[in-house]
Amino acid sequence: MKTKFNQLILLTFFALLTFTACQNEETQVINPTEQETIVPSSALAGLMSNTTANYGAYDDVLDGSSCFSIDLPVTIVISDITITIETEEDLEELEDLFEEFEGNEDILDFIFPITIIFNDYTEIVIENEEQLEAFITDCDDDEDDDVIECIDFVYPISFSVFNADFDIIDTVTIESDEALYHFLEELEEDDNALIVSLNYPVTLEYANGETIEVNSNEELAEAIELASDDCDDDDEEYECNEDNIAELLVECPWDIDDEFNDFDDYQIVFNEDGTLEITEEDSTSAIGGNWELTDTDDGLKLILSDLTAFDQDLGGIWIITECDDDELVIERGDFTIELDQDCDDDEVDCSVGEIYESIVECAWLFETNLIDTTVAVYVYFTPDGQILNANADGTESVIGTWELTVTGSYIYFDLEFESEFDVLNGLWKVAECEDDELYLINDNNYIFLHQECDDNEEDCDEEDVEVNLKECVWNVVNYNGSDDLIDFDFDFTVNYDVFVSLNGNVVQEGNWSVSSNPAGLNLNIELQFENITGTWQIIECDDDRLKIVRENDYIILERDCETDVNPFECYENDGVELEECDEDGDGFAVFNIYEAVPDCNSENTLSISFHTSAEGAATNTDILEGATAYTNTSNPQTVYVRVALFDNPDVFYKYPVELIVEDCNEGVFDCFSDFELEACANPNGVAEFNLSANTIGLIDCQYSFTATFHETEADAEAGIEAIQNTESYYADTGEVYLRIVSESGNYEVYTIYLFVAECNPFECFESFDAVIEVCDDGTDGPNLYDLTTAFANCTPSVDVVTYHETQSDAANGVNVITNPSAYAYAGVETTVYIRVESENQIGIFQILLLEVDCNPNDCTEGDVDGILAECTWIPVSYNGDDNLIDWTLNFEANSQVVVMTNGETTVTATYSTSQSEDGVIVEFSNVAGPDIQALSGSWLVVECSAEVLQLQNGDINLVLERTCD
């Protein structure tokens, strides 16, 4: 055996001469122990290789193959968008981009050649799609199963290399996963006999960012194994529990996406104090309310209450049916809403997909500091990559090409122009992005693009002109070069009325409209002013300025948003809806139409009248009488409010009021049906029932109602003789009746069936024998028993529990054990009794107290020494695995040597036995062979016989079986 060892050292020495650099001097050190030596083909070496292998699955969004990864950077094309992927963070953004093109197949194309890297860091250059598909097809995903991706070495780390005299002749420093992988690969070569040890401490980093420092091979292996067990944690679905959802709700605002698109422009902000605000886009006002989460048997519920608006639409109890870390799906009955978290505060608030969709949508006004664009330039970006210039005659001409590209986290326009625009050629980064504006930069130069989806030659949009006219008062600042009309205020209302005021008084009222024809946009005004009334062509327009012409006349209008002259400003623009409940189901109800008239403050004295037709409101006819108590004639019915100047009734404003009679009980009674309740009978055959709302589920109904219980159906129908103590109602069988009254006064009656069951309150106590065991500590003193643990699962369901030393005491309820959690008894075995009272019944049950020998293993150190030396032993199980079963252990009693062999490799180690308080200890040391080094350390003998020894080291179990063959 000693001869073989010297040959191994010589081989090692010559191998080291080819592996390491020359050393000027040697440092004498203590021989490395098994806690530091890295043995080729060992379990630890395998774990280290799996940890440092190239993880090919991290970029599956690119190649769909876990057998290899693609060397970055790489350039791809998605739906005509060119993207350069430089980092792993870019891959996450690529996944988001794929969601925007969901439904399109085969949308990703590589710009070849590319390089693929396998798990062992082998690289292959791929020239085309066919070669790539061949490797993807040949990929066996199971090959990647051993790669451990959720723990990494923190570099640098170093290894010591030894010569035949165990002198350090080199120190190898490792800086990366790839370098460590190849270093370990060199150790595995058949002709390699290197002896190296890992220099501790070594730091490891888990996927969640936490780090751990290890100081031995055993600690290193344990850390990697624990990490590999938890590698799937990052793939677990978001846990929809109450704490997580509560924390998620208050993080950021939430966009509302409902199936009818009624609230798509709204956001909800959930505050930590339980309040909420609902806002609409850029609105400065908010709808208030409260929110609450509650966990029920039906699931997690989100309750929205006290909403100052939309209470019927958004208020009530919502069940959270789906959740993610940025998305919730909530349901209330048949109504489903998706809430999407909106935490994005980036200035460039557009994705590459959104830019692509908007850029090809319509024309763009083009401005840049590199070209004189005094004359407005409009361009079109076509889906096939062309840039078209909009000519004055309505035609377009090609002036260049465009392409979107993504590099890192930035989006670029790649522009190639012809002739006069070629100064703009190159890459332009998207610096700012809005729905209809893009700001591109290249060094100190810029391009500004403003979307003009309905542009005309005057750069005027019909809708924009209308919106601007309606927003504020306008003044004629120039009429054919004169400002004679500048003191008149023109108020263009949303109903297309125009009020002309002078010094705050309305002097004229007319109509206005905007129309278009092939020649452009027209502003039509009907007034008594002869020099104003008529049709004017809009030749210039801006948000606060209009120039209009008619034959040889022109007018310049400028907007004045500080003046408010419309006396009807606060009245409803789109009309009002009034709703009343149908009390008797005939479709008619009484309305107070004055509720449709807002409380407005006006400097003018106004008169209010009500009319049954729109024509009547315009001509002040068809007067509606009794507006404070008006009964509708149809359902729905539209009536009209006329608001007129008291001193000039010809100046007026009208708006519709829709009267709606609705069934206010709709949905209320859907919450209810007949119920069944069951309770246990007492000795008299009577059961106690809880008729509260919680018992029969009424608390889950989102509508307002009043509930009462009655002993007869007739009483329930009449609403009399209600049961008073509903939470403690005694009955032997039969029914009671539930009366539900809605807010409108309508009601329904439901039957509550009562069933009395024969229940055994002591079923749990009778289901098993209670035994409490304590270990024999070797003294004659009393043992302490915690009697309360004997029936711990049963006692919460009963009314009274006491403990007694005799059955007679328990039956009579006397001589109670005062401290049952620490009952002292000095004998080996005894019986005490528990007395339980439930539902006026008494049960007596035994508790057996036993003193046991907790170390039944009778083997002494001498016994173990004798058993080990008799024959050879085989490790048939190592923590349930038989990977060491090919090894045979031969214990030499006199020399304390154990020879371990598997037929190919022989390892000579040492062992020793010792006696501890817990039992016999077997210690293995100097175990340097592959795999079998797992036996190193101290093992407690937990079971022993002449044929089998069971050993334990921490959480690891080892079973040795004797063989005398």
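All figures in this text were calculated on a predicted structure; none of them were measured in a lab. (Residues numbered from 1 in each chain as written. Predicted model: local features only at pLDDT ≥ 70, side-chain atom pairs only at ≥ 80, totals over all residues. Heavy atoms only, no water.)

> Would you explain the overall build of the protein in this entry?
Counting its regular elements, the protein contains 17 helices and 63 strands. For the protein, buried positions account for 41% of its 965 residues. In the protein, of all internal contacts separated by at least 6 residues, the share reaching a separation of at least 24 is 52%. Summed over all atoms, the accessible surface of the protein reaches about 51,500 Å², with 42% contributed by carbon and sulfur. (Helix = DSSP H or I, 4+ residues; strand = E, 2+ residues; numbered from the N terminus. Buried < 20%, exposed > 50% of the residue type's maximum accessible area, 1.4 Å probe, protein only. Contact = heavy atoms within 4.5 Å. Areas by Shrake-Rupley, 256 points an atom, 1.4 Å probe, with all protein chains shown as cover.)

> Is there a simple way to think about unusual backbone geometry in this case?
Working note: non-glycine residues mostly have negative phi, and peptide bonds are mostly trans. In the segment running from Tyr 155 into Pro 156, the intervening peptide bond is cis, with an omega of 5 degrees. With respect to the helices, strands and loops of the structure, Pro 156 is situated in the loop between strand 8 (151–153) and strand 9 (157–162). Note that the residue after Tyr 200, namely Pro 201, is joined by a cis bond; omega there is 0 degrees. Tracing the backbone through its elements, the reader meets Pro 201 in the loop between strand 11 (196–198) and strand 12 (202–206). Of note, Asn 620 is a non-glycine position whose phi angle comes to about 60 degrees, a positive value. By the element assignment, Asn 620 lies in the loop between helix 12 (614–619) and strand 41 (630–631). Note on Asn 620: relative accessible area 41%, which makes it partly exposed.

> Honestly, the sheet that holds strand 8 in this entry has me stumped. Any pointers?
Think of a sheet as strands paired side by side through backbone hydrogen bonds, with each pair either parallel or antiparallel. With antiparallel pairing, three strands are arranged side by side in an open sheet as 8-12-13. The sheet is open, and its two edges are formed by strand 8 and strand 13 (211–214), each paired on a single side. Direction aside, neighbouring strands of the sheet carry axes that sit 30 degrees apart on average. (Pairing = 2+ DSSP bridges. Axes fitted to C-alpha atoms, helices over the stretch in contact; angles between N-to-C directions.)

> Got a minute to help me understand the pattern of salt bridges in this structure?
Between side chains of opposite charge, a pair can form when the charged atoms approach closely. Here the structure, examined in full by the defined rule, presents seven salt bridges. Here Lys 301 ties to Asp 298 by a salt bridge, and the two come within 3.8 Å at their closest N and O atoms. With a relative accessible area of 52%, Asp 298 lands in the exposed category. In this structure, Glu 870 engages Arg 962 in a salt bridge whose closest nitrogen and oxygen atoms are separated by 2.3 Å. Of this pair, Glu 870 sits in helix 17 (residues 861–870) while Arg 962 sits in strand 63 (residues 956–963), and the two are 92 residues apart along the sequence. Where salt bridges share partners, they join Glu 870, Glu 947 and Arg 962 into one cluster. (Salt bridge = Lys/Arg side-chain N within 4 Å of Asp/Glu carboxyl O.)

> Would you mind showing me how to read the pairing of strand 17 (residues 287–296) here?
Moving residue by residue along a regular strand, the side chains alternate between the two faces of the sheet. Two elements, strand 16 (residues 275–280) and strand 17, share four bridges in a ladder whose sense is antiparallel. Bridge pairing in strand 17 links Ile 278 to Ile 287. Pairing of strand 17 with strand 18 (residues 299–305), which is carried by seven bridges, proceeds in the antiparallel orientation. Bridging from a neighbouring strand, Thr 294 pairs with Lys 301 of strand 18. Taken together, strand 17 and the strand that follows it, strand 18, pair antiparallel across an intervening segment of two residues.

> Is there a simple way to explain the packing of helix 2 (residues 43–52) against helix 6 (residues 177–188) in this structure?
Two measures define how a pair of helices packs: the angle their axes make with one another and the distance between the axes. Taken N-terminus to C-terminus, the directions of helix 2 and helix 6 make an angle of 145 degrees; their axes are 9 Å apart at the nearest point. In the crossing of helix 2 with helix 6, the sense of the turn from one axis to the other is left-handed. Counting all contacts with helix 2, which are made through Ala 45, Met 48, Ser 49, Thr 51 and Thr 52, the residues of helix 6 involved are Asp 177, Leu 180, Tyr 181, Leu 184 and Glu 188. Counted by class, the contact of helix 2 with helix 6 contains five nonpolar, three polar and two charged residues. (Left-handed = near helix turned anticlockwise from the far one by under 90°. Nonpolar A, V, L, I, M, F, W, Y, C, P; charged D, E, K, R; others polar.)

> Before we go on, may I ask you to explain helix 8 (residues 242–249) in this structure?
Think of an α-helix as 3.6 residues a turn; residues three or four steps apart then line up on the same face. Taken together, the buried positions of helix 8 are occupied by Ile 245, Leu 248 and Leu 249. Axial view of helix 8: buried residues confined to an arc of 95 degrees, hence all on one face. Facing away from the buried side of helix 8, by more than 90 degrees, are the exposed residues Asp 243 and Glu 247. The backbone nitrogen of Asp 243 has a side-chain oxygen 3.2 Å away, supplied by the residue at the start of helix 8, namely Asn 241. (Arc of directions from axis to C-beta. Polar contact = N/O pair within 3.5 Å; in protein donor to acceptor, adjacent residues only side chain to side chain.)

> What exactly am I supposed to notice about the nonpolar core here?
Note on soluble globular proteins: their nonpolar side chains tend to be buried together. Counting residues in each nonpolar core, the largest one holds 50 residues, and the members touching the most others are Phe 413 and Leu 438. With residues near it in sequence (within four places) discarded, Phe 413 still touches Ile 355, Ile 359, Trp 402, Glu 403, Leu 404, Gly 426, Leu 427, Trp 428, Val 430, Leu 438 and Leu 440. Of all hydrophobic cores here, the second largest spans 31 residues; its members include Leu 47, Leu 180, Leu 184 and Ala 227. (Core = buried A, V, L, I, M, F, W, Y, C linked by side-chain atoms within 4.5 Å.)

> Would you mind showing me how to read the environment of Asp 96 here?
Looking at the secondary structure, you find Asp 96 in helix 4 (residues 88–100). Asp 96 sits 257 residues away from Gly 353 along the chain, and the two C-alpha atoms are 9.6 Å apart.

> Whenever I open this one, the state of the cysteines confuses me. Can you help?
In a disulfide, the sulfur atoms of two cysteines are held together by a covalent bond. Summed over the entire model, instances satisfying the criterion amount to four disulfides. One disulfide bridge connects Cys 680 with Cys 759, the sulfur atoms lying 2.0 Å from each other. The chirality of the disulfide connecting Cys 680 with Cys 759 is left-handed, given an S-S dihedral of about -80 degrees. Taken together, the positions of Cys 680 in strand 44 (residues 675–680) and Cys 759 in the loop between strand 49 (747–757) and helix 15 (763–766) put the pair 79 residues apart, joining distant regions of the chain. Residue Cys 759 is classed as partly exposed on the basis of its relative accessible area, which comes to 29%. Each sulfur in the disulfide pair Cys 764 and Cys 794 lies 1.8 Å from the other. (Disulfide = S-S within 2.5 Å.)

> How do you make sense of the confidence of the model for the protein when you look at a structure like this?
Close inspection of predicted coordinates is inappropriate for parts of the model with low pLDDT. With 86% of its residues at a pLDDT of at least 70, the protein reaches an overall mean of 81. The secondary structure element of the protein with the lowest average pLDDT is helix 1 (residues 2–19), at 34, and the one with the highest is strand 52 (residues 800–804), at 93. (pLDDT = per-residue confidence, 0-100.)

> Just checking my understanding: could you explain the environment of Glu 727 for this structure?
If you trace the backbone, Glu 727 turns up in the loop between helix 14 (713–718) and strand 47 (729–731). Note on Glu 727: relative accessible area 54%, which makes it exposed. For Glu 727, the residues in contact, after removing those within four places along its chain, are Glu 688, Phe 689, Asn 690, Leu 691 and Ser 692.

> Explain the sheet that holds strand 49 here, please?
Spatial strand order, 44-49-48-46: four strands in an open sheet with mixed pairing. One side of each edge strand has no neighbouring strand; the edge strands of this open sheet are strand 44 and strand 46 (705–710). Neighbour-to-neighbour, the strand axes of the sheet open up by a mean angle of 25 degrees, direction not taken into account.

> Is there a simple way to explain the packing of aromatic side chains in this structure?
The geometry of an aromatic ring pair comes down to the distance between the two centres and the angle between the two planes. By the definition in use, this model includes 35 aromatic pairs. Note on Tyr 266 and Phe 310: the rings are 5.4 Å apart at their centroids and 85 degrees apart in plane angle, and the pair reads as edge-to-face. Here the residue Tyr 266 occupies a position in strand 15 (residues 266–270), and Phe 310 occupies one in the loop between strand 18 and helix 9 (311–314), the gap between them amounting to 44 residues. Its relative accessible area of 26% is what places Phe 310 among the partly exposed residues. Just above the ring of Tyr 747 sits the side chain of Arg 739; from NZ or CZ to the centre is 4.1 Å. (Phe/Tyr/Trp six-rings, centres within 6.5 Å; stacked < 30°, edge-to-face > 60°. Lys NZ or Arg CZ within 6 Å of the ring centre and 35° of its normal.)

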